[in-house]
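Summary of structural features
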Amino acid sequence: MSNVRSFRHGGILLPQRIHFDHGPIENAFLPINAIVVLNSASTGRTSRIAVTEGEEVREGQLIARFDGKGTLNAHSPIPGIVRKIIAGKNADGTAVSTITISLAGSFSVLGKKPERYLWKSLNKTDIMHIVQEKGVARVSSGESLYDILHDMRGTSAPRFVLNALEMDPYCRAEEAILLERSADIVDACAILKKILQTATMTVALGESFPEAEVASLLNLAEKAEVHFEIQRFRRRYPQDMPSLIDRTLSRNSGKAVVSLMLEPSTMAALHDAVVSNKAHIEQYVYIGGGAVKESRILKARIGTPIGDLFEESGGFTGRPEVIVVNDPLRGTMAGNLDVAVEKTTRAILALTHDETHSARELPCVRCGACVRACPEGLKPWALNKYAMAGLVGEAADRGLYRCTSCGACAYACWSRIPLVDRFERMKSQGQS
Amino acid sequence: MMYTQKEFPDTHAPHLHDWRSTSKVVWICSLVLLPVVVWSIALYRWAAITVWLSSVASALLTQLVVDGLFKRFTLRDGTALLTGLLVASAMPPAISPFIPAAASAFAILVVKTLFGGLGGNWMNPSLAGIAFAYANWPVAMREYVLPTVLAGVDGLSSSTPLAFAHGLAGSGQARVMDAIRQAGYPLSGMDESLTGFLNDSIFSHLGARLPEGYIDLAVGFKSGALGESALFAVILASIILLALRLVKYEIPLAILGSFAILAGIFGTGLPGEFIMGGDVLYALSGGGLILAAFFMATDPVSSPVDRKIATIYGLAIGVLCFVFRRWGNHTEGIAYAILIMNVLTPTLERRLEPLLGPKPARTSV
Ligand code: SF4
Ligand code: SF4
């Protein structure tokens, strides 16, 4: 393989990837009750609710309207009745609003052949309008894609990277989507080309991405008149983070070279919005982990409880120690199986103790594993010392704010010190 | 939904961890020492059993009492057991069980607990315990016996080959081994036949000859501390630690490297040595050097975090150990060498960190 790139310092080699053979990606069953979370995953802000309890909604009907920057349109993922609208607070005090819709009525999107708009006749403003209208979110962060593209106006010759990297041992959704929907993804790149006016698009692939598929990808790109530049990356966590892709592509020079990075799942949503007139009401979700009977990728409606998806994958073979939403190094834990799929849900994992290697926290033994792991060249053990002593200023002097919360240090820590959690607390303390 | 009500405990990202954990590492270190324990018991019978038992039991008991006072339970992290094992490894067999017990108790109570428990001690507890024993019972700590299997009786006293050889310096023998032999130090039949076999089958083809006696050194057919008695098992255990990457390999390699080079150039005061002609193999195999280099100097708590600084730390230990061995006639030189560098580690880190420490990555923000 020619020229596999990587960043320079730190990083961790995770255990071999879990073998995963997937057939064509199937649709998950529609949930009986879909719980749509209205808070943006990136800003926490809520969109304006546009329905009332008891109202009948069609599939894809607008149920909450964006309310300024940092919010998104939300659409009903299933046809049904608005059962409950909650505008409340989480246990930790953060605001959370949800709309619960009970399945009823007929389907309009499912089973119908997807529409194909001749989007090439649309101009830039029209496309931007559709992106906003359909509530397309950047799957990796939950930001409004419209906001992102809007903010990029005036960037001359922006460099776009299609990021299909996943560095943990589990998640395979992005690669699978790129393989299964390559024509659509390439189309979405062409749409983006129109918006960004950019000539070259970089495709970031892992070292194990099949070489034969690269050729067909390049073929499709040529037909769609986009120019793809393929870059291979070494499998080394956290290479998939935008900041490290940027650093790697800039040859570790420290100069930003990438202006926009999106993943295949976001591109699929963009394609569906512009070409198939579909709102962002579906997510590709990888269901896996040692406690799951059969790993698979399902196309699930937003609002589907993750328990349903686990059940559809054959249920649990044993008691999972922890349920994780998204990748196991940065993802959040799910307190129970009622947690619903959101626009940012790419994976749900039921992990066993054999996989997590969790243990009781012990004092730092100065083993230095964290220093070797940190891609930012920080000394996590020293930062932890300041965190324990409440010395935010000292920690800031030693690079606290350069920490990207990648979790490599806490993964490696012999004493299982929740380093990242502590750093995040300290960062928010320092800012307030 | 069957699982709806089931709650999962609060955890933080990352949800995956490296398999190495502090207590696992400590347990593995103890486990790989097991063959050393077994071998020394095979060699010395009761003379070894009493030492291992008293040291380990005292370490565990002391920890238990301390834990009771602090209302916690830390025995399962394995550090007390390892401390007990390491203290015992430096003891001569047949020593009064009171001494290893006192050394272990001192290690746990004074060095580990008073300095702030696991992670707080800036000195390796087991080494401090060993030094404590040398300081308080200098005579008993230097009274060695021959292995029961070699002498035929329990507790036939003898000085270690290292001390023995030092006494023979200047005896005009060409090789340290020959000098020892000349002076009536026993050689096992196994060594003679195995060395002969190796010489016939391997070394003769290489144009070399392995002198008699080294096999005896490796398998412990000589007098020495318990940990020295199974050099081959110690080497095996060290290889496991390296392979599993549980120790910073820079430290033992720097220690053994610098020590070997100095010993090679200047000799360690053995008969038959001359400048550039020191008996390196002999020097390395004695004095518990390898055990201490891999198991005690690498204690992460009391050694530098940064690998480059750890290398310097290791080199310094090697040099100090050589100095003690060459001119001090201390078999226990390695213990003092490591302890001195333990104490100097914070200074070393403070001075060298700005030069050698991790460099922040260049970022675009
Ligand atoms: S979480 Fe922060 S300190 Fe830890 S490895 Fe990542 S960047 Fe370094
Ligand atoms: S990895 Fe954990 S135990 Fe090791 S030095 Fe870093 S913080 Fe300390």
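These figures come from a predicted structure and were not determined experimentally.

Turning our eyes to something else, we now look at the overall build of chain A. When helices and strands are counted, chain A shows 14 helices and 18 strands. Taking 22 Å as the expected radius of gyration for a compact globule of 432 residues, we find that chain A reaches 22 Å, a close match to that expectation. Along the first, second and third principal axes, the C-alpha atoms of chain A reach 60 × 45 × 45 Å. Of all 432 residues assigned to chain A, the portion counted as buried reaches 59%. If you take every contact in chain A between residues at least 6 apart in sequence, the share linking residues at least 24 apart comes to 72%. Of the roughly 17700 Å² of accessible surface on chain A, 50% is carried by carbon and sulfur atoms. On chain A, the mean spot of the 52 positive side-chain charges and the mean spot of the 48 negative ones are 6 Å from each other.

This part covers the side chain of His-271 of chain A. Mapped onto the secondary structure, His-271 of chain A falls in helix H7 (residues 264-274). For His-271 of chain A, the residues in contact, after removing those within four places along its chain, are Arg-116, Arg-181, Asp-184, Asp-187, Ala-188 and Ser-276 of chain A.

What follows concerns the layout of surface pockets. Approximately 1200 Å³ is the volume attributed to the second largest pocket. In terms of lining, the second largest pocket is formed by 48 residues, of which the most central are Gly-11, Ala-369, Arg-372 and Ala-373 of chain A together with Arg-245 of chain B. For the lining of the second largest pocket, the secondary-structure elements that each account for two or more residues are helix H10 (369-373) and helix H13 (408-412) of chain A together with helix H16 (307-328) of chain B. Take the lining of the second largest pocket: its biggest share by element is four residues, from H10 of chain A. Along the lines of polarity and charge, the residues of the lining of the second largest pocket split into 26 nonpolar, 11 polar and 11 charged.

This brings us to the environment of Leu-291 of chain B. Residue and element names in this part refer to chain B. When you line up the elements, Leu-291 lands in helix H15 (residues 289-296). Taking relative accessible area as the criterion, Leu-291 reaches 5% and is therefore assigned buried. Along the sequence, Leu-291 and Ile-334 sit 43 residues apart, while their C-alpha atoms lie 10.0 Å from each other. If near-sequence neighbours (up to four positions away) are discounted, Leu-291 is found in contact with Leu-33, Ser-89, Gly-227, Val-234 and Met-296.

Taken together, Cys-364, Val-365, Arg-366, Cys-367, Gly-368, Cys-370, Trp-381, Cys-413, Trp-414, Ser-415 and Ile-417 of chain A are the residues near ligand 2. For the shell around ligand 2, the class distribution of residues is eight nonpolar, two polar and one charged.

What follows concerns helix H4 (residues 79-89) of chain B. Every α-helix winds through 3.6 residues per turn, so residues three or four apart in the chain are directed the same way. Residues and elements named next belong to chain B. Taken across its 11 residues, H4 has 10 buried, putting it largely inside the fold. Within H4, the full set of buried residues consists of Thr-79, Ala-80, Leu-82, Thr-83, Gly-84, Leu-85, Leu-86, Val-87, Ala-88 and Ser-89. Where H4 is buried, its residues touch helix H1 (22-32), helix H2 (34-44), helix H3 (46-70), helix H5 (98-113), helix H6 (125-136) and H15.

Residues and elements named next belong to chain B. Where helix H13 (residues 250-266) contacts H16, the two axes come as close as 7 Å, and the packing angle between them is 35 degrees. Crossing handedness for the pair H13 and H16: right-handed. Considered class by class, the residues forming the contact of H13 with H16 number 14 nonpolar, four polar and four charged.

All names here are of chain B. A grouping of Leu-31, Leu-34 and Val-38 is seen on the molecular surface, where their side chains present a nonpolar patch of about 300 Å² in accessible area. By secondary structure assignment, the location of Leu-34 is in helix H2. Given the relative accessible area of 45%, Leu-34 is considered partly exposed.

All names here are of chain B. This model, assessed by the stated rule, comprises 11 cavities of 30 Å³ or more. The calculated volume of the largest cavity comes to roughly 380 Å³. As for the largest cavity, its lining consists of 25 residues, and the residues nearest its centre are Val-26, Thr-79, Leu-82, Asp-299 and Pro-300. Elements with a contribution of two residues or more to the lining of the largest cavity: H1, H4, H6 and H15. Grouping the amino acids of the lining of the largest cavity by side-chain chemistry returns 16 nonpolar, seven polar and two charged. No fewer than three residues from each of domain 1 (22-142) and domain 2 (247-357) sit in the lining of the largest cavity.

Residue and element names in this part refer to chain B. When pLDDT is averaged across chain B, the result is 82; 79% of the residues are at 70 or more. Segment residues 1-6: pLDDT under 50, and 11 contacts once partners within four positions in sequence are set aside and those in other chains are kept. Interface confidence for the predicted complex, given as ipTM, is 0.87, next to a pTM of 0.87.

Our next topic: the interface of chain A and chain B. Residue-level contacts link 64 residues of chain A with 46 residues of chain B. Carbon and sulfur atoms make up 59% of the area that chain A and chain B hide from each other, which totals about 4600 Å². When the buried area of chain A at its contact with chain B is split by residue, Met-333, Arg-366 and Trp-414 of chain A rank highest and sum to 17% of it. Counting across the chain A and chain B interface gives two salt bridges. Run the count over chain A and chain B and you get 16 residue pairs in polar contact (both at pLDDT 80 or more). At the level of secondary structure, the elements contributing two or more residues to the side of chain A that touches chain B comprise helix H6 (242-249), helix H8 (306-312), strand E16 (322-325), strand E17 (332-333), helix H9 (353-356), H10, H13 and helix H14 (419-431) of chain A. Grouping the amino acids of the side of chain A that touches chain B by side-chain chemistry returns 30 nonpolar, 15 polar and 19 charged.

Once that is clear, we can look at unusual backbone geometry. Note that the residue after Tyr-237 of chain A, namely Pro-238 of chain A, is joined by a cis bond; omega there is -5 degrees. Along the polypeptide, Pro-238 of chain A turns up in the loop between strand E12 (227-233) and H6. The linkage connecting Ala-13 of chain B with the following residue, Pro-14 of chain B, adopts the cis geometry, with an omega of -5 degrees. Mapped onto the elements of the fold, Pro-14 of chain B is located in the segment before H1.

Right, let's get into the site of ligand 1. In the neighbourhood of ligand 1, the contacting residues comprise Cys-374, Pro-375, Glu-376, Pro-380, Cys-403, Thr-404, Ser-405, Cys-406, Gly-407, Ala-408, Cys-409 and Phe-423 of chain A. Residue classes in the shell around ligand 1 are distributed as eight nonpolar, three polar and one charged.

Here we come to the sheet that holds strand E11 (residues 200-206) of chain A. Sheet strands pair by backbone hydrogen bonding; their relative direction is either parallel or antiparallel. Residue and element names in this part refer to chain A. Strand order in the open sheet formed by five strands is E1-E12-E11-E10-E13, and the pairing between neighbours is parallel. Bordering the open sheet on either side are strand E1 (4-5) and strand E13 (260-262), each of which pairs with just one other strand. Bridge count for strand E10 (residues 160-163) against E13 is three bridges, and the pairing is parallel. Its bridge partner being in E13, Leu-162 is matched across the sheet by Leu-262.

A few words on the sheet that holds strand E4 (residues 48-49) of chain A. All names here are of chain A. Spatially, the three strands line up as an open sheet ordered E4-E6-E7, and their pairing is antiparallel. The sheet terminates laterally at E4 and strand E7 (74-75), the two strands that pair on one side only. Sheet topology note: the strand E6 (residues 62-65)/E7 ladder contains two bridges and is antiparallel. What sits directly across from Leu-62, in E7, is His-75.

About the cut-offs
- Residues numbered from 1 in each chain as written.
- Chains lettered and ligands numbered in written order.
- Predicted model: local features only at pLDDT ≥ 70, side-chain atom pairs only at ≥ 80, totals over all residues.
- Heavy atoms only, no water.
- Helix = DSSP H or I, 4+ residues; strand = E, 2+ residues; numbered from the N terminus.
- Rg over C-alpha atoms; globule rule 2.2 N^0.38 Å.
- Buried < 20%, exposed > 50% of the residue type's maximum accessible area, 1.4 Å probe, protein only.
- Contact = heavy atoms within 4.5 Å.
- Areas by Shrake-Rupley, 256 points an atom, 1.4 Å probe, with all protein chains shown as cover.
- Lys, Arg positive; Asp, Glu negative; His and termini not counted.
- Charge placed at Lys NZ, Arg CZ, Asp CG, Glu CD.
- 1 Å grid on protein atoms, 1.4 Å probe; cavity = no way out; pocket = protein on both sides within 12 Å on 5 of 7 lines; lining within 4 Å.
- Points joined across faces, edges and corners; volume = space filled by probe spheres on them.
- Nonpolar A, V, L, I, M, F, W, Y, C, P; charged D, E, K, R; others polar.
- Near = heavy atom within 4 Å.
- Axes fitted to C-alpha atoms, helices over the stretch in contact; angles between N-to-C directions.
- Left-handed = near helix turned anticlockwise from the far one by under 90°.
- Patch = residues over 30% accessible without salt bridge, like charges linked within 9 Å, V, L, I, M, F, W, Y side chains within 5 Å.
- Salt bridge = Lys/Arg side-chain N within 4 Å of Asp/Glu carboxyl O.
- Domains from an automatic or database assignment.
- pLDDT = per-residue confidence, 0-100.
- Buried area = accessible area lost by both parts, 1.4 Å probe.
- Polar contact = N/O pair within 3.5 Å; in protein donor to acceptor, adjacent residues only side chain to side chain.
- Pairing = 2+ DSSP bridges.

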